[in-house]
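# Structural overview for review
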Amino acid sequence: MKMPEPDQAVLSRRAEIVARLRSIVSGEGVIADPDALKPYETDSLTAYRQPPLAVVLPETVEQVSAILAWCHAEGVKVVPRGAGTSLSGGALPLADAVLLGMAKFNQIVDINYDDRLAVVQPGVTNLAVTRTVEDAGFYYAPDPSSQIACSIGGNIAENSGGVHCLKYGLTTNNVLGVQIVMMDGEVIRLGGRSLDPAGLDLLGVVVGSEGLLGVVTEVTVRILPKPQTARALLIGFPSVEQASQCVADVIAGGIIPAGMEMMDKLATQAAEAFVQVGYPLDVEALLIVELDGPQAECDHLCAEVQTIANTNGAVSCRTSTSEAERLAFWAGRKAAFPAMGRLAPDFYCMDGTIPRRRMPEVLARMAEMSKSYGLAVANVFHAGDGNLHPLILYDVNQPGQLEQAEAFGSDILRLCVEVGGVLTGEHGVGVEKRDLMPVMFSEADLAHQQRIKCAFDPKLLLNPGKVFPVLHRCAELGRMHIHGGALPFPDLPRF
Amino acid sequence: MNASSLPKPSTSNDVIDAIADAVRADAPLEIRGGGSKAAIGAPRNAPILDMSGFDAVIDYDPAELVLTAGAGTPLSVISALVESENQMLAFEPFDHGPLLGQVAGAATIGGVIAAGVAGSRRVSGGGARDHLLGFEGISGRGERFVAGAKVVKNVTGYDLPKLAAGSWGRLFAMTQLTLKVLPRGRESATCIVEGLSPTQAVAAMARAMGSQADVSAAAYLPAALAGGASLTALRVEGFGPSVAARCTMIEAALAEFGAVGRVDAATAGKVWADLRTLAPLAGTAPLWRIATPPSTAPSLVAALEPFGAQWLFDWAGGLTWLTLDGDPARVRAAAAAASGHAILVRAPEAMRRIVPALHPQANGVAALEARVRRAFDPNGVFETGRFHEVANAN
């Protein structure tokens, strides 16, 4: 993965830049010592590492604004960072960029139960929002697996999902407003406390923009009443085809489960060996279906799902009868990733989404690829929405295996796009999938996205090298190519 | 308005040509679906780019929860299609024709999305923005591009579909849309409480929305519009046993507000239809659509009632539809004071000429919005003056 060439002029100004940052943020808020920069050199995509020029940890909006304004004026790049749990390298530092850590923005600003919203600073963790409102019977719906550590600001950047997003949506569907600082230091608010924005839905573009458009300093999220009950079914199938058909039939039957997860045989066996929760070991596909809502609804739907499962040839089906049992069903799924550690020293987690109807075909082709690459793959899916998490097993100490695993992963994502799906369902593009973007988008498609970047950050100083495979200058993108004839006054600047 | 129509395009290349011609002629172009909302915004006479030729349903697989259709497909066609599979567009879009004095049936799916239209279920099921998964379109640059995707879960690249919803034809002409569809509740019930004041009603609706009853829609008609006592209506939808259980939950949650009744299907149908047609606010008085946090809605209407405002609440108080034959600045000031914003939906031409349909933005946001518009439409070919945008673009 090639990152933008570091700007030597900026590198040579390091002492001056650090001094300037210290004049804005005092004391330990600026980190410049090489050893102290070490913890910041990567996020959760640990294959890529690069210490930043310096780290700055502001505590106020005014400091964020001053830092960005100065960097903007001086042409210094900035990489924003939340909790550093990105799986796609969204917070990977650059040698010539200031890393702007938002961890100190950790306050809950306001809770309003009547309007069902919470106003929080971006460094608050995802789970902390739920912890703050749960005594009043509420929760924050998006629940990425890293929710104990990941921050709301990072969730905004990545448009994070979780196992419940089939029913409750991604971050974008649960956010009402943000305060952001633009790269030139200007502080603006997008959205607010009402359901629709006054003008263009710029909030909708900022969510999922992977830290390229602005630095979020405050977030207003919707909170929901916690469902009265949740029950889960654990269903085993003799084939992936039957499990997939069961998923399709549940949805076609008008049921949107709170979560619907599938694991293949390898993932199931590894998880069971890891946590021993009673997963059946003789099935090709295991389905966890969670239903939530009033008790009467859960009971009714559990029975309906069981009928659908039986129609599709389920060989085992258990319905949770207690909260402990429901959590046990989930324990194996949640341990699926660490469980891979028993099978191989390393694994590489992919994140494509496909139309669900293509699932059996995609799994068959993935099995062929697994053979030709000589690397095993275990599969864990958010089956309800077709979001695949193939886990490619490899050993980084075997020469060439990392590269093989990455090539295998890229082939899987190409396959996802080929069957009508996408490169990433919830982990983001970052640096990881940056160079695959042309598989899914034409040059014109990407240019239309990049011009939004130009509207927010015309000098391209914020988080460069992420998402877009080619860094076009904004002036170059602004040129008009009108089909069928020349523009009048072609020499006039259009920006 | 006596705008001329260009030849009706039927392919993306036709649209590209029409836009390229307009750019070359330095002339504006108005993108139009069925024209049901043409009376929103300032009078203008830009030639019409009629998208109604893009009227085919391209793909619909109910089990995938995804539907792809041409932008000019009538909303009624799509609604009937998904209903035949016991599904729905969960944001409950509706046809603005009748409330703007036109016949029903002209609204297209592209127009509904471009105007960000969402009905009573918006409060629980999300808005137009939440159900547009992807689109194909032609920008003001005369270039075809795609954005988003045709699967329900995707974070690849910027989320341009969010921008499309509520863009009012100012960025690009959508030719094809992919929408998320959802199962329709098999049963529905509407619980009511009569005689509440606006403040009590908003408190009651907040209590219901904050309960575990999973209320799908909540609305309030004051006594003046309800024909007798004021009406607070709460709708639940879903499977039979669930609907029954949730009505019981609403009764318990609202016990302190008074007796909770249930209305029959015909009465319930009329209540929710009134929220779509806005029949209670029919007439010629200027009609405003004001979005606020629910808790500030009572103060909003209290500020405007002395000037003759008629109004009703949807979205548990988060949306106020209001008529006021008076100073528009007063409405905008009251909306802002309530932490919200007001769209002028229906008004005489003379008023629309002066009063922008969309609520003015803070300076920084307005400038950013103008830059984003110029990113898609550098020559302002879609700036017809409808949103007074020519004045603030440069």
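Residues numbered from 1 in each chain as written. Chains lettered and ligands numbered in written order. Predicted model: local features only at pLDDT ≥ 70, side-chain atom pairs only at ≥ 80, totals over all residues.

## Digging into the sheet that holds strand S4 (residues 97–101) of chain A
All names here are of chain A. Cut-off, in case you're wondering: DSSP-based pairing: two strands are paired if at least 2 bridges between them are found. Strands here are runs of E lasting at least two residues and helices are runs of H or I lasting at least four, both read from the DSSP assignment and numbered beginning at the N terminus. Two residues form a contact once the distance between their C-beta atoms, set from the backbone, is within 7 Å. Each axis is a line fitted through C-alpha atoms, taken for helices only over the stretch in contact, and angles between the N-to-C directions span 0 to 180 degrees.
Strand order in the open sheet made by the four strands is S1-S2-S4-S3, with mixed pairing throughout. Pairing within the sheet leaves two strands with one partner each, and these edge strands are strand S1 (30–31) and strand S3 (77–81). Running over the sheet, helix H2 (residues 14–24) touches S1, strand S2 (54–56) and S4 and is turned about 10 degrees from S2.

## Considerations on the domain arrangement of chain A
Residues and elements named next belong to chain A. Using the following cut-off: As annotated, the domain borders come from an automatic or database domain assignment. In the scheme used here, Gly and all other residues not listed as nonpolar or charged are polar, with Ala, Val, Leu, Ile, Met, Phe, Trp, Tyr, Cys and Pro taken as nonpolar and Asp, Glu, Lys and Arg as charged.
Structurally, chain A comprises domain 1 (8–101), domain 2 (229–338) and domain 3 (344–428). For domain 2 and domain 3, the distance between their C-alpha centres works out to 22 Å. With 18 residues of domain 2 in contact, the opposing surface of domain 3 contributes 14 residues. When residues of the side of domain 2 that touches domain 3 are traced back to their parent elements, those giving at least two are helix H9 (240–252), strand S13 (259–264), helix H10 (265–275) and helix H13 (336–339). Per-element tally for the side of domain 2 that touches domain 3: the top contributor is H9, with six residues. The residue inventory of the side of domain 2 that touches domain 3, partitioned by class, reads 14 nonpolar, one polar and three charged.

## Here's the deal with the sheet that holds strand S3 (residues 57–61) of chain B
Residues and elements named next belong to chain B. With antiparallel pairing, five strands are arranged side by side in an open sheet as S3-S4-S8-S6-S7. Strands with a single pairing partner mark the edges of an open sheet, and in this sheet they are S3 and strand S7 (144–148). Here the strands of the sheet are splayed against their neighbours by 15 degrees on average, with no regard to which way each runs. Across seven bridges, the pairing between strand S6 (residues 132–139) and strand S8 (residues 172–180) is antiparallel. Within S8, the residue paired with Leu 132 across the bridge is Leu 179. The strands touched by helix H1 (residues 12–25) within the sheet are S6, S7 and S8, with S6 carrying the most contacts at an inclination of about 50 degrees.

## Section: the nonpolar core
Stated precisely, the cut-off is as follows: Nonpolar cores are built from buried Ala, Val, Leu, Ile, Met, Phe, Trp, Tyr and Cys residues. These are joined into a set through C-beta atoms within 7 Å. Remark: C-beta atoms are placed from the backbone, and a residue is labelled buried if 20 or more other C-beta atoms sit within 10 Å of its own, exposed if 12 or fewer do, or partly exposed between those counts.
Core analysis: the largest hydrophobic core is formed by 279 residues, its most contacted members being Val 98, Val 221 and Leu 287 of chain A together with Ala 208 of chain B. Looking at this core, the element that brings in the most residues is helix H6 (residues 198–209) of chain B, giving eight residues. Discounting chain neighbours no more than four positions away, the residues touching Val 221 of chain A are Leu 117, Ala 118, Val 120, Val 129, Tyr 140, Ile 152, Asn 174, Val 175 and Leu 176 of chain A.

## Digging into the packing of helix H14 (residues 359–373) of chain A against helix H15 (residues 401–418) of chain A
All names here are of chain A. Keep this limit in mind: Should an angle fall under 35 degrees it is taken as roughly parallel, and over 145 as roughly antiparallel, whereas 65 to 115 is taken as roughly perpendicular and any remaining angle as oblique. By definition, turning the near helix anticlockwise from the far helix through less than a right angle yields a left-handed crossing, and turning it clockwise yields a right-handed one.
It is at 11 Å that the axes of H14 and H15 come closest, and there the two elements cross at 160 degrees. One way to sum up the angle between H14 and H15 is to call them roughly antiparallel. The handedness of the crossing between H14 and H15 is right-handed. Each of Val 362, Arg 365, Met 366, Met 369 and Tyr 373 in H14 lies in contact with H15, whose residues at this interface are Gln 404, Phe 408, Asp 411, Ile 412 and Leu 415. Split into classes, the residues belonging to the contact of H14 with H15 amount to seven nonpolar, one polar and two charged.

## With respect to the environment of Gly 318 of chain B
Note on placement: Gly 318 of chain B falls in the loop between strand S15 (310–314) and strand S16 (319–323). Assessed through the 28 C-beta atoms surrounding it within 10 Å, Gly 318 of chain B is described here as buried. Distance in space between the C-alpha atoms of Gly 318 of chain B and Glu 194 of chain B is 20 Å, their sequence separation being 124 residues. What Gly 318 of chain B contacts, discounting residues up to four positions off in sequence, is Ser 194 and Leu 195 of chain A together with Val 123, Ala 291, Thr 292, Pro 293 and Pro 294 of chain B.

## Quick look at helix H13 (residues 363–376) of chain B
Threshold: By this rule, a helix spans an expected 1.5 Å times one less than how many residues it contains.
The terminal C-alpha atoms of H13 of chain B, which comprises 14 residues, lie 20 Å apart, in line with the 20 Å expected from a rise of 1.5 Å per residue. All of the buried residues along H13 of chain B are Leu 368, Glu 369, Val 372, Arg 373, Arg 374, Ala 375 and Phe 376 of chain B.

## Points about the interface of chain A and chain B
Listed as interface residues are 81 residues of chain A and, on the opposing side, 80 residues of chain B. Elements that contribute at least two residues to the side of chain A that touches chain B include exactly strand S9 (187–191), helix H8 (202–206), H9, helix H11 (295–311), helix H16 (437–440) and helix H17 (443–456) of chain A. The element best represented in the side of chain A that touches chain B is H17 of chain A, accounting for eight residues. Residues that form the side of chain A that touches chain B fall into these classes: 35 nonpolar, 30 polar and 16 charged.

## Details of the environment of Ser 76 of chain B
All names here are of chain B. Structurally, Ser 76 can be placed in helix H2 (residues 75–84). A tally of 16 C-beta atoms within 10 Å means that Ser 76 is categorised as partly exposed. Along the primary structure Ser 76 and Asp 95 are separated by 19 residues, whereas in three dimensions their C-alpha atoms are 8.6 Å apart.

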